[in-house]
Amino acid sequence: MLSLLPFCFLEPLRSESKLLLYQKQTCDNAQRLYFSACKEKLECARSMKFFSSAIIAVYRRSFSTQSSRTTKYAQSVYQNRIKKETNRIPKANKTHQPLFEWTQEQKNIFSHVHRGASVFITGSAGTGKTVLLKHIIDILKDVHGKSKVFVTASTGIAACALQGQTLHSFASIGIQNADSGTLLDKVKMNKHACKRWKKATALVIDEISMISADLFESLEYIARDIRGSEVVWGGMQLIVCGDFFQLPPVIKQQKLSGKEFAFEADCWNASFDLQVELSQVFRQSDPRLIKMLQGIRKGETDAEDLQLLEESCSMNKQDSLVVWLYPRINDVEKVNEERMKSLGGSTVTYAAADSGLEHRKKQLNQGIVPDQLVLCVGARVMLIMNLNIERNLCNGATGTVTGFVPVEDKNARKSDILFPLVKFDRGPEILIEPQKFEIFEGDIVVAWRYQIPLILAWAISIHKCQGMTLDHAQTDLSRAFGYGMVYVALSRVRSLEGLHLSGFTPSKIKAHPKVLLFYKSFTSSNLSHTEFSLLHRVRK
Ligand SMILES: Nc1ncnc2c1ncn2[C@@H]1O[C@H](COP(=O)(O)OP(=O)(O)OP(=O)(O)O)[C@@H](O)[C@H]1O
């Protein structure tokens, strides 16, 4: 019942009429959208006569009985420290215009995409794959028209970051493993899915390292069949991005074919006009760190790299600014809960307001945006969307909750609805308002969630941190399992000073032999980075 009421209150609501007042009050755009998204749910709750009990359920002081402390604190913060206009953040930055100049290598890729080439883009962590992909999506939308470009990723988190959908949901193949024929039959039974497959003229797939060879082959087969074309991928322009040295596909049952990675698919080479490896690392600037990370990526560390790793272990410290990275989500939840309890303050619960197509709303829970966010003063948090890159308010920025501020109406009257005030480690202290997180299908928004764009950040999982840039990260190498995990964790930081390790075990640094082979042949057979020539796509 709790999720039916996506508001937060520090004081319990006394009557239904008071709640209605909050909905009617004039507020800024983000708040108004949040309220209107909530309204539907509130009406539902009211009609189910759960209204008052649910309200009380929302009003939770989970770990403390000091009920008025945060309220008073928030009010004093409000009166003394908030300069409303200057501290209020601008609306989320939705354009993909970067603050830097594209390199020649990046520009070459854009020109090939513009000319209709299907491209596989790879490169180590921090080479700018994600920012490049965002710009490519803009190009594709210009060239093909918005409604014909479908943006997907292997994971919900990566899909949300690109405002796309998971590859599975685009394809409508469900999550069960099955052979190509069975999957094709499944798609054919779904007329919306068939329409989507026919309509798409460009398909983007991010985080390809987590897509299996079998799935890649099945999707290519489905594309040709449904689109009635013998051309590879039924003639769609395909843009695939990822680093096979990062997290691999989850394969529950070893296949007889023995294939694991997408690059082992029979149709892999035929799928692309161009396969390119980005060479310039931007996230880190220290050559020693870049060399060490390259060594870890390929499982080929030398004595100098190992020494640097050991030094990072001796710098191990319990700094409040450090984000702990864990391989398992249970450890993450345990640490965040314990740290929250240790603060002992009153908590404020933000329940997300979801809307859209019922079967698409499920994907909202696969993303990074929490269904419920519990905060208190002193909580370490991380921003999960770009709000203002110029002010360092970008995805992955960490900070501390310093208070809660009541929302004001147009007459400057304070309400009981509170938004958190956060002091960012490398940025300003700002009020964080709810934001809209959308799931697209082509150019149509099929589901959306309003939520405060924060997660707790004393600890996060290595799977969640893939794609992030962090200032300080600590990880226990002895707990890592599987290929790519150590590399993903360590490559998040910008500098050696930000790297804190424990449980250093050289044997955990390993690269998959198949991936090593792929990249060895890849670099030797690939086109030079500066001289691209468009190859003819092999037709089946
Ligand atoms: N041409 C460029 N000049 C300067 N900085 C750049 C350039 N291209 C990308 N960057 C910066 O590099 C950083 C890393 O980029 P990004 O997160 O896209 O890398 P990535 O390859 O996707 O990493 P990961 O594999 O870890 O997800 C970002 O801060 C981005 O702004």
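About the criteria used
- Residues numbered from 1 in each chain as written.
- Predicted model: local features only at pLDDT ≥ 70, side-chain atom pairs only at ≥ 80, totals over all residues.
- Heavy atoms only, no water.
- Near = heavy atom within 4 Å.
- Polar contact = N/O pair within 3.5 Å; in protein donor to acceptor, adjacent residues only side chain to side chain.
- Areas by Shrake-Rupley, 256 points an atom, 1.4 Å probe, with all protein chains shown as cover.
- Helix = DSSP H or I, 4+ residues; strand = E, 2+ residues; numbered from the N terminus.
- Nonpolar A, V, L, I, M, F, W, Y, C, P; charged D, E, K, R; others polar.
- Patch = residues over 30% accessible without salt bridge, like charges linked within 9 Å, V, L, I, M, F, W, Y side chains within 5 Å.
- Salt bridge = Lys/Arg side-chain N within 4 Å of Asp/Glu carboxyl O.
- Lys, Arg positive; Asp, Glu negative; His and termini not counted.
- Charge placed at Lys NZ, Arg CZ, Asp CG, Glu CD.
- 1 Å grid on protein atoms, 1.4 Å probe; cavity = no way out; pocket = protein on both sides within 12 Å on 5 of 7 lines; lining within 4 Å.
- Points joined across faces, edges and corners; volume = space filled by probe spheres on them.
- Buried < 20%, exposed > 50% of the residue type's maximum accessible area, 1.4 Å probe, protein only.
- Contact = heavy atoms within 4.5 Å.
- Core = buried A, V, L, I, M, F, W, Y, C linked by side-chain atoms within 4.5 Å.

Around the ligand, the surrounding shell holds 17 residues, and the nearest of these are Q106, K129, T130, R283 and R492. For the ligand, an oxygen atom lies 3.1 Å from a polar atom in the backbone of G128. At 2.9 Å from an oxygen atom of the ligand is found a side-chain nitrogen or oxygen belonging to R283. Within the complex, the protein chains bury 83% of what would otherwise be the 640 Å² of accessible surface of the ligand. In terms of residues, the shell around the ligand owes the most to one element, helix 7 (residues 129–144), which gives 3 residues. Split by residue class, the shell around the ligand holds 4 nonpolar, 9 polar and 4 charged.

The next subject is a positive patch on the surface. A contiguous patch of positive charge on the surface is contributed by K148, K191, K195 and K199. Relative to the helices and strands, K195 resides in helix 11 (residues 191–199).

Our focus in this paragraph is the layout of surface pockets. Summary: where empty space remains is shown by rolling a probe the size of a single water molecule over the atoms. In this structure, the second largest pocket spans a volume of roughly 540 Å³. Along the wall of the second largest pocket there are 22 residues; nearest its centre are E333, N336, P370, Q372 and L456. At the level of secondary structure, the elements contributing two or more residues to the lining of the second largest pocket comprise helix 15 (329–343), strand 10 (372–375), strand 17 (454–456) and strand 18 (459–461). The leading source of residues in the lining of the second largest pocket is helix 15, at 6 residues. When its residues are assigned to classes, the lining of the second largest pocket shows 13 nonpolar, 4 polar and 5 charged.

Moving on to helix 6 (residues 104–114). Among all positions in helix 6, only E105, Q106, N108, I109, F110, H112 and V113 are buried. Lining the buried residues of helix 6 we find strand 1 (119–123), helix 7, strand 5 (237–241) and strand 6 (274–278). Note on helix 6: the residue one or two positions beyond its end, G116, has a positive phi of about 95 degrees.

Right, let's talk about the side chain of Q165 for a bit. Locating Q165 in the fold gives a position in strand 3 (residues 165–166). Here Q165 is in contact with F150, V151, T152, A153, A159, F170, R360, Q363, I439, F440, E441 and G442, once residues within four sequence places are set aside.

Further remarks concern the nonpolar core. Formed by 74 residues in total, the largest nonpolar core has its most connected members in L325, L375, F424, I432, L454 and L490. By size, the runner-up hydrophobic cluster in this structure holds 45 residues, among which are F150, V232, W233 and W268.

Read these as layout, nothing more, since geometry by itself doesn't imply function.
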